[in-house]
Amino acid sequence: MNSLLHRFLDYVQIDTQSDPESNSFPSTEKQKNLGKLLVQQLLDMGVADAHLDGYGYVYATIPATSSRNVPVICLCSHMDTAPDCSGENVKPIVHYNYQGQDLILPNDHSQVITTEEHPYLLEKIGDDIVTASGLTLLGADDKAGIAIIMEVAAQLMQDQTIEHGGVKILFTPDEEVGRGVEHVDVEKLGADFGYTLDGGELGSFEHETFSANGVEIIVHGVIAHPGSAKGKMVNAIKIIGEFIATLPKHELAPEVTEGLEGFVHPTDIKGGAEKASVKLIIRDFNTAQLDIYQSRLKDIMDKIMLNYPKARYEFKVTEQYRSMGEVLQHYPAVIKHAITAIEQEGIKPISIPVRGGTDGSRLSFMGLPCPNLFTGEMALHSKHEYVSVQDMEKSVRVVLRLLQNWAGE
Ligand SMILES: [Zn+2]
């Protein structure tokens, strides 16, 4: 069995599910089990400074082979798996030389990965496809990325003739619960640029994401005994209700938007007659557009409030994350070297803006510009998750090219 596949099968069998309810860091101690194994494997390869820190991050350095002054590149993947689906006792199955059939998962025959739902499979005929067994997710998100980076590390350590600058490895916990970069020590890491390996389809390269704000609207009504409330009571719940009913329905909502369209999305309401509130998330690829959405929400509220002069409202905005495109536009080489590396391997680059954030979006704003490269991981966070071994192998080759492109600049 090839070493990349071997690594991948080992990693997915270690349960690293993160927990959104936990207040500790990492959110689950078991994530460190994978971290410890990765550190040991890196040390065995000769990567002398590999270590796991108290937060559960793995840091390691592969020294430069180039004598020139080459930017230091970080390769980053996350070790945890999504809380949406069990990651306990994962039994990976390799479907060698896949022939385009629907894949019935052996431990629960109702779990079928169909080519109708996953047409990408039809592009993978002849590949070796890895799936879970029907009871759990696979964890290719993001253990495919981990296996790819570990394989790159092994090849770089074995073959000193590959010319590259310093390479930093960073494996993070808790990405799936949105806290993956919370305790990254960017200074200690000491990289100039980074790439996360957490993308899907062969050739995909993501360097733009949503920009995101959170909005909270708090309505203060007027309370009175309902038996004698005539002319006095103003019910905050009813004002919030009107607001939600007035939100755009045929545009600007996640259920009717796709591609490059942004949205406004109520996620949570709470309260009583005296005080009620609604939380919304707002998203767009163009950060300036967020202000326009916020004004629109305020206009809706102002109009409603004309009918309730005794009530008042607060409008709170929190910045959540920004498109990494805002940072990356200043570093065109980060994008150029990746696109070139993909093309050099005979693969068509696919750059689709991500309708969400990535660890890389936050890292980009922490001083480490960091787009996202493909790994082949598909149907994430579900029992139908799968990955092509050949896609992972191509990702290894692209990363090796990428590092050499930086050295040859
Ligand atoms: Zn992921």
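The present account deals with the structure reproduced in this document. Worth saying up front: this structure is predicted, and the values here are computed from it rather than measured.

**Looking at the overall build of the chain**
- Within the chain, the regular secondary structure consists of 10 helices and 16 strands.
- Taking 2.2 N^0.38 as the reference for a compact globule, 409 residues should give roughly 22 Å; the C-alpha atoms of the chain span a radius of gyration of 24 Å, in line with that estimate.
- With respect to the three principal axes, the spread of C-alpha positions in the chain is 85 × 55 × 40 Å.
- Residues classed as buried in the chain amount to 56% of the 409 residues present.
- Sequence separation of at least 24 residues holds for 79% of the intrachain contacts in the chain that already meet a minimum separation of 6.
- Carbon together with sulfur atoms contributes 50% to the accessible area of the chain, which is approximately 17700 Å² in total.
- Across the chain, the 34 positively charged side chains and the 57 negatively charged ones have centroids separated by 9 Å.

**Focus: the sheet that holds strand β13 (residues 275–284)**
- Strands sit in the order β12-β13-β11-β14 across an open sheet of 4 strands; the sheet is antiparallel. Every other strand in the sheet has two partners, leaving β12 (263–271) and β14 (312–321) as the edge strands with one partner each. Pairs of neighbouring strands in the sheet enclose a mean axial angle of 20°, with direction left out of account.
- In terms of strand pairing, β12 meets β13 through 8 bridges, oriented antiparallel. Pairing of H265 across the sheet is with I281, part of β13.

**Comments concerning the coordination of the zinc ion**
- Only H78 (NE2), D141 (OD), D198 (OD) and D198 (OD) from the protein coordinate the zinc ion, and they sit 1.9 to 2.4 Å from it.
- Considering all 4 donor atoms around the zinc ion, the spread of angles at the metal, 54 to 143°, places the coordination shape in the irregular class.
- We classify D198 as buried; its relative accessible area is 18%.

**Re the environment of K91**
- Within the secondary structure, K91 is located in the loop between β3 (73–78) and β4 (93–95).
- Spatially, the C-alpha atom of K91 lies 8.7 Å from that of L9, the residues being 82 residues apart in sequence.

**Describing the side chain of D174**
- For D174, the location among the structural elements is in the loop between β8 (167–172) and α4 (186–189).
- With no salt bridge to any partner, buried D174 finds its closest opposite charge in R179, at an N-O distance of 5.0 Å.
- Non-local contacts of D174, meaning those with residues more than four positions away in its chain, are made with S18, F25, P26, S27, Q31, D80, R179 and G180.

**Focus: the pattern of salt bridges**
- Applying the stated criterion across every chain yields a total of 9 salt bridges.
- Salt-bridge contacts for R322 lead to E319; the nearest nitrogen and oxygen are separated by 3.6 Å.
- Several salt bridges share partner residues, and in doing so they unite E345, R397 and R401 into one network.

**Considerations on the nonpolar core**
- One finds F8, L42 and L373 to be the most contacted residues of the largest nonpolar core, which totals 77 residues.
- Among the elements that take part in this core, helix α3 (residues 140–158) stands out by supplying 12 residues, more than any other.
- Dropping the residues within four chain positions of it, L42 is found in contact with V47, A50, V58, A60, M150, A153 and I169.
- Core analysis: the next-biggest nonpolar cluster, separate from the first, contains 24 residues, I217, V234, I239 and L280 among them.

Cut-offs and rules
Residues numbered from 1 in each chain as written. Predicted model: local features only at pLDDT ≥ 70, side-chain atom pairs only at ≥ 80, totals over all residues. Heavy atoms only, no water. Helix = DSSP H or I, 4+ residues; strand = E, 2+ residues; numbered from the N terminus. Rg over C-alpha atoms; globule rule 2.2 N^0.38 Å. Buried < 20%, exposed > 50% of the residue type's maximum accessible area, 1.4 Å probe, protein only. Contact = heavy atoms within 4.5 Å. Areas by Shrake-Rupley, 256 points an atom, 1.4 Å probe, with all protein chains shown as cover. Lys, Arg positive; Asp, Glu negative; His and termini not counted. Charge placed at Lys NZ, Arg CZ, Asp CG, Glu CD. Pairing = 2+ DSSP bridges. Axes fitted to C-alpha atoms, helices over the stretch in contact; angles between N-to-C directions. Donors = N, O, S within 2.8 Å, 3.2 Å for Na, K, Ca; no water. Tetrahedral: all angles 85-135°; square planar, octahedral: opposite > 155°, others 65-115°. Salt bridge = Lys/Arg side-chain N within 4 Å of Asp/Glu carboxyl O. Core = buried A, V, L, I, M, F, W, Y, C linked by side-chain atoms within 4.5 Å.

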